[in-house]
Amino acid sequence: MDGRTILILCEKPDAAARLAKALNEAGKVRERKLKGVPYYEASRDGNKLIVISALGHLYTIAPKIEDRDVYPVFDFYWAPRYEVERNSGQTRKWIEAISRLSKDAQEYVLATDYDIEGATIGYTVLKYACGGKDTEAKRMKFSTLTADELRKSYEKMLPHIEFSTAEAGMCRHLVDAIYGINLSRAMTTAAKRWSGKYTTISTGRVQGPTLKFLVEREKEINTFVPTPYWTVKALIEIGGSTYEAEYEKKSIGILEEANSIVHACAGKIGTITKIDVRKTRQNPPTPFDLSSLQTEAYGLFRYTPRRTSNIAERLYLEALISYPRTSSQKLPPAIGYRGILEALSRQPAYKDLTSDLLERGDLVPNEGPKRDPAHPAIYPTGNLPERTLSDPERRLWDLIVRRFMAVFGEPAVRQSVKVAIEIDGHRFYLRGRQILKEGWMRFYKPYVRFEDVLLPQLEEGDEVRVKRVIREDKFTKPPPRYNPSSLLKKMEKEGIGTKATRADIIETLYSRGYISGESIAVSYLGFDVVEILDGYCPQIISVEFTRDLEEKMEMIQSGSEKMERVVGKAVEYLKPVLEELKNREREIGKALSESIRKARMEERTVGQCPVCGTGKLVILRSRRTKKRFIGCTNFFEGICKTSFPLPQKGSLKPLRKDCKLCGWPLIQVRSRGRRPWNLCFNPECPSKERSKRS
Amino acid sequence: MKCEICGRRAESRFCELHKRAQENLREKYEEWKRAMDITWEEYLREVLKNPLTGLWVKEVARILLASSEEKEAPSMQEKV
Ligand SMILES: [Zn+2]
Ligand SMILES: [Zn+2]
Ligand SMILES: [Zn+2]
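Summarised in this report is the structure supplied together with it. (Residues numbered from 1 in each chain as written. Chains lettered and ligands numbered in written order. Predicted model: local features only at pLDDT ≥ 70, side-chain atom pairs only at ≥ 80, totals over all residues. Heavy atoms only, no water.)

1. Some points on the sheet that holds strand β1 (residues 5–10) of chain A
Residues and elements named next belong to chain A. What counts here: A pair of strands is treated as paired once DSSP finds two or more bridges between them. In this text, helices come from DSSP runs of H or I with a minimum length of four residues, and strands from runs of E with a minimum of two, each type numbered from the N-terminal end. By definition, residues are in contact when any of their heavy atoms lie within 4.5 Å. Orientation is described by axes fitted as lines to C-alpha atoms, over the contacting stretch for helices, and by angles from 0 to 180 degrees between their N-to-C directions.
Strand order in the open sheet made by the six strands is β2-β3-β4-β1-β7-β8, with mixed pairing throughout. If you trace the sheet from one side to the other, it starts and ends with β2 (30–34) and β8 (138–139), each paired once. Sheet strands touched by helix α5 (residues 147–155): β1, β3 (37–44) and β4 (47–53). Its angle to β3, the strand with the most contacts, is close to 70°.

See below:
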């Protein structure tokens, strides 16, 4: 036998195992280890297959000058991650193992994820670890890890890897590094030269503009003044039940006016003057792309975008769903709708639903407008779980399965009823709504948020008794804070970042301490970093600039732009900015140091002093007794001596929320082995009274 | 000059951010007056206890209230 040895490179170990099993023809797949790195030996067509995986990225872009005080730096190279990154020692074994095994191979096949990161990982490993095999390697393209699709993809291999996609990916890494490293170094050095203390201050090409959205929102919220308005409701009695009718004006801006309506209508008889019945068709939802899946999972289960994307990745690696990092809302017939539904019908919960769809002649998905050249929308493969899924995995899988079925459903029909009631010259509306025909909602039921509001049988001319008329006091509300999900949507809408990077950028903002909370609040430091960038180099955090670069990088992928040109332009743009930052280093350093100092103070600030009203309460430590306590900043001015004792164990964090019982600010206490609990330190708080008595 | 409230650089009493809060506070008083019978001091107290009011607005309102109480300003018209 003159079999050849073929090296197949996957992205993740789980994918390698699945691929080896799917392609193997004779005997059993042999799981082996080299330097502790797992790989698989299989055979097919008389050839020996060696299937090994990378570990995500094995190489990274690094500056040639390592000294963190030096900037600008524009010379970068691709380095093994273990050489330049902390906590990446694992990558050394991996690179060495792949290197060794590649020497025995005569053919090379790339089988990483078919997208920008997958292409970049593949290209760098083939080029640097396998000794320049990027030019001769072939490419497997697939969207699911089902045995069937993997075999087909092996039979119909592409003649070479996707160079322009890898180029686009490498360009993104390079440009992001040039911006991130230079700007971060500029700010960190400025702060260090001024204060003598070292604090890493990071910003990035996409991170900056994203933080700016949050800062803008924070400004709107912090300068918001609520204004009063009123609504009026009439409680109407019909056939022994009470219904709420709303006044025709949804908001009344003058108190006097609201009062006079209440006065005029109370105790009167109303007449039904008009009944408006409207039927609307509601089309099925479109198939999930990654961002609509993230939005839905956040709305239903409160999973952050990154969490959803991690769970989806696991489901993909178990061959339960198709590749999730897609921006497509299309489901091409080639995926085999019927086959998938038939396979899903083996799951009792889906049996009735799938057979309902299978009985129909034509299956046409309600596709959305978004496309992706590499992958279809997210769909279930039809495989059933091989193990017991965790709760979040099961929920997300169920959501994806039901969405897939719903996409083929018929439109739902809903009816809304609006009844006009005249009361003493004033008009009120009674509203009802109801689903007349379920359509697609039948498939998506647990995830449809709709409540029927039924009205009794009524006719125009009917008279009804007005039981009570109520005025409600309301205030205008500030715009809502962003949450991880709405921020991700904002980034997508503004065209910054990519589907693969957005969720991570948001997580970075959290880990840098720039933002906190699920309802996102910007910290002092985050605020000032944006203010400083905005003051000294607004072009760097402008959305237009970031978006423009994003588009250029997409053009590289489609072959209409070159990496050298894009990188050249980006550097040209950055150079004068860095010069300006250097010239004004003292000013910037001063502002940043001040901000870092305030940020530290902010972490310890509990809230306004309820005693003197002008000072702030902060967590302090006594020099004499070394004990923690809460004191007022006005103490140092000799104005206020307020202080409160604190528990000495555990870590303390101001909650930025007031006690429901007394309105004083709360502190969260975390100690080992205990659930975090909220402390109200007001000795007069009613909560204390209660616990004293009991 | 430094902002009386936060110590940021300021051209007058308050920095850019607190100035914006102060401007909003003045502007919205007109709407409050149209909506109901209310004096400047009552307005400031209402705004201070409202949980929807922005943080910087509260900081400004607290100072304005303290100073107008000190002077016992006879009419809010002069203050605005
Ligand atoms: Zn005090
Ligand atoms: Zn309390
Ligand atoms: Zn200020």
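2. Concerning the interface of chain A and chain B
Rule in force here: Buried area: the accessible surface (1.4 Å probe) lost by two parts on joining, summed over both. Whenever Lys or Arg places a side-chain nitrogen within 4 Å of a carboxyl oxygen from Asp or Glu, that contact is recorded as a salt bridge.
Taken residue by residue, the interface counts 25 residues in chain A and 24 residues in chain B. Both sides together, the interface formed by chain A and chain B hides about 2,100 Å², and carbon and sulfur atoms give 60% of it. Contact with chain B buries area across many residues of chain A, yet A:N222, A:T223 and A:V225 alone supply 29% of it, more than any other trio. The tally of links from chain A across to chain B stands at one salt bridge.

3. Considering the coordination of the zinc ion (ligand 1)
Ideal geometry at a metal centre gives angles of 109.5 degrees when four donors are arranged tetrahedrally and 90 or 180 degrees when six donors are arranged octahedrally. All names here are of chain A. Filter applied, for reference: The donor set covers N, O and S atoms within 2.8 Å of the metal, switching to 3.2 Å for Na, K and Ca, and it leaves out water, so a site may look short of donors. Labels for metal geometry use angle windows, namely 85 to 135 degrees for all angles of a four-donor tetrahedral site, and for square planar (four donors) or octahedral (six donors) sites opposite donors over 155 degrees apart plus all others within 65 to 115; sites meeting none of these are irregular. Throughout, exposure labels follow a simple rule: accessible area from a 1.4 Å probe, protein chains only, divided by the maximum for the residue type, with under 20% read as buried, over 50% as exposed, and the rest as partly exposed.
Around the zinc ion (ligand 1), the donor atoms from the protein are C609 (SG), C612 (SG), C632 (SG) and C640 (SG), and they sit 2.3 to 2.4 Å away. The site at the zinc ion (ligand 1) holds four donor atoms, and with the angles between them running 105 to 114°, its shape is tetrahedral. Here the donor residues for the zinc ion (ligand 1) map to a single chain with the spacing C-x2-C-x19-C-x7-C. In this pair, C609 is assigned in the loop between β17 (605–608) and β18 (616–621) and C632 in strand β19 (residues 628–632), connecting sequence segments 23 residues apart. Pair check on accessibility: C609 and C632 agree, each one buried.

4. Digging into the environment of A:G495
All names here are of chain A. Mapping G495 onto the fold places it in the loop between α15 (484–494) and α16 (502–511). Between the C-alpha atom of G495 and that of R471, which follows or precedes it by 24 residues, the distance is 45 Å. Sequence-distant contacts of G495, that is, excluding residues within four places in its chain, are made with R547 and E550.

5. Some words on empty space enclosed by the protein
Residues and elements named next belong to chain A. Applied cut-off: Cavities and pockets were defined on a 1 Å grid built over protein atoms only: a cavity is a set of grid points that admits a 1.4 Å probe from which the probe cannot escape, a pocket is an open set flanked by protein on both sides within 12 Å along at least five of seven lines, and lining residues are those with an atom within 4 Å of any such point. Grid points are joined across faces, edges and corners, and a volume is the space filled by probe spheres set on the points. Note that domain bounds follow an automatic or database assignment of domains.
This model, assessed by the stated rule, comprises four cavities of 30 Å³ or more. When its volume is computed, the largest cavity comes out at roughly 50 Å³. Around the largest cavity, the lining residues are L290, S291, Q294, L488, E492, K499, R502 and A503. Broken down by secondary-structure element, the contributors of at least two residues to the lining of the largest cavity are α9 (290–301), α15 and α16. Counting residues per element, the lining of the largest cavity draws most heavily on α9, which supplies three residues. The residue makeup of the lining of the largest cavity includes at least three contributed by each of domain 2 (170–222 + 480–596) and domain 4 (290–406).

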